[in-house]
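Residue-level structural notes
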Amino acid sequence: MLADVMHGAQNILIYQDVHTVKFKDARNWTDVYSVKYKVLDYAGVKSHAELSIPFDSGCENVTLFSASVKNPDGKTYSTAPSEVHIMDSGNTADAPYYMPAKIFTVKFPHVVPGSVIDYKIGVEHKNMPFYYEKFVFASDYDTEWQEVIFENIPPEFRMSPIPHNVNKLTGKNSITVYKKNIRRTGFEIKQPPLAMFKDTVYCTTLNFQEYCSELNRRLNTAAGNSQLVRKKTSELIKNCKTPLEKVTVIRDFVDRNIRLAGPALNDYNWIFSTADDTLKRSYGNSADRAVLLKAMLDTAGLKSEFIVRSNSGMAEIMNRHYINSLRYFQNDYNRVLLNVYDGKNLIAVLNENSRYAPVNLDRSMTYTGLNLPQKMPLRRGDNVPGEGNKNVGLRIN
């Protein structure tokens, strides 16, 4: 946990960083972090005397079990209730319809150089689409002990091969992986993520077939029964003569009138707005805007399919190990788009395309993605309007 948020000089020494994942099932779990570290200097006091954890109040809860500070003079101070706060995240006002993002903050009392901070905190995740996490056994700070414990492992759980420098213990329905005496990784400008060159374990309960089927079903359900959308779409396309003209008019209307705001696709529990509700609200996240676009395209008699795109554009993802590599089974498909067809020809990819750009150009074509109804991964350049929807020869097992 510490390694994810802390950067800079060696101003703390981590005694232990233990992360316990307590599963209820494949979609519900609690992360428990038990961390103990020593503050070495005044820079450490400034940067590590507080803890901040962002969370989604609709599907996550944060609980502080204990927090204490032991100073060089032998005195020990416990964190008082008045030093624990829950604040609104800065983007909450942009999209009040959605459950507000929060920040759980803890101020550790009386921290001075030489203080040892010891805390235990839990984050409960409820009804999430799936579990995914990568554990990097590396840190910006010297670490004496790093450990990850999985308890009550569900049948859907999968783990990547364990790096040879990391130890693994298997118990009854549990797994423990750990590494000791980890030397700090020096920071360099334009340094790639530590997971790309340090010991890393990837874990998930995601099944791509189930993911595609369930997400496609929910999105299509939200797009149905849209009386207001049908009326509005009929008004917009009444003078259009070609499919491309209809797509352009619909794209321009949504881009101009439906502001993009709200949580990313896999950061909440897939409770999508109906198309009519998004139209009335005049804003929505990527999924809700895609639902509205789908309802409008259906009304216009245009075939369309939901796709989700990744934030990754790395060439490495393009190889044929893509499907079987846990490295990419991650919470990375956070944009919902629509492929639009004229017959068998792909003519547009909507939901990120600006009204100031040609309708058949979209930045999503530079990313990898998934075609939901076809359960088909899309590599960079495979989803280009005007060339048809290429079959990349890969199916999800």
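This text goes with the structure placed above it.
Bear in mind the structure is a predicted one, so any value in this text is a computation, not a measurement. (Residues numbered from 1 in each chain as written. Predicted model: local features only at pLDDT ≥ 70, side-chain atom pairs only at ≥ 80, totals over all residues. Heavy atoms only, no water.)

On to the overall build of the protein. On a plain count of helices and strands, the protein comes out with seven helices and 21 strands. Looking at the protein as a whole, 51% of its 397 residues qualify as buried. When contacts within the protein are restricted to residue pairs at least 6 apart in sequence, long-range pairs at least 24 apart make up 73% of them. Entry remark: accessible area of the protein is about 18,800 Å², with carbon and sulfur atoms responsible for 50%. (Helix = DSSP H or I, 4+ residues; strand = E, 2+ residues; numbered from the N terminus. Buried < 20%, exposed > 50% of the residue type's maximum accessible area, 1.4 Å probe, protein only. Contact = heavy atoms within 4.5 Å. Areas by Shrake-Rupley, 256 points an atom, 1.4 Å probe, with all protein chains shown as cover.)

What follows is about the sheet that holds strand β7 (residues 101-107). Two pairing modes exist for strands in a sheet, parallel and antiparallel, and in both the strands are linked by backbone hydrogen bonds. One open sheet accounts for three strands, arranged β3-β7-β6; its pairing is antiparallel. This sheet does not close on itself; its edge strands, each paired only once, are β3 (50-56) and β6 (84-88). Ignoring which end each strand starts from, the neighbouring axes of this sheet average 20° apart. Note that β3 and β7 share seven bridges and pair antiparallel. Looking at β7, one finds that Asp-56 is bridged to Ala-101. (Pairing = 2+ DSSP bridges. Axes fitted to C-alpha atoms, helices over the stretch in contact; angles between N-to-C directions.)

By size, the foremost hydrophobic cluster in this structure holds 51 residues, and its most contacted members are Tyr-211, Leu-215, Leu-219, Val-247, Leu-265, Phe-272 and Val-308. Elements supplying a minimum of two residues to this core: β9 (132-136), α3 (208-223), α5 (243-257), α6 (275-281), α7 (286-299), β17 (303-310), β18 (333-342) and β19 (345-350). Ranked by residues supplied to this core, first place goes to α7 with eight residues. Beyond its immediate stretch of four places on either side in the chain, Val-308 contacts Tyr-211, Leu-215, Leu-265, Tyr-333, Arg-335, Val-336, Gly-369, Leu-370 and Leu-372. Counting residues in hydrophobic clusters, the runner-up holds 23 residues, among them Ile-12, Tyr-33, Phe-104 and Tyr-141. (Core = buried A, V, L, I, M, F, W, Y, C linked by side-chain atoms within 4.5 Å.)

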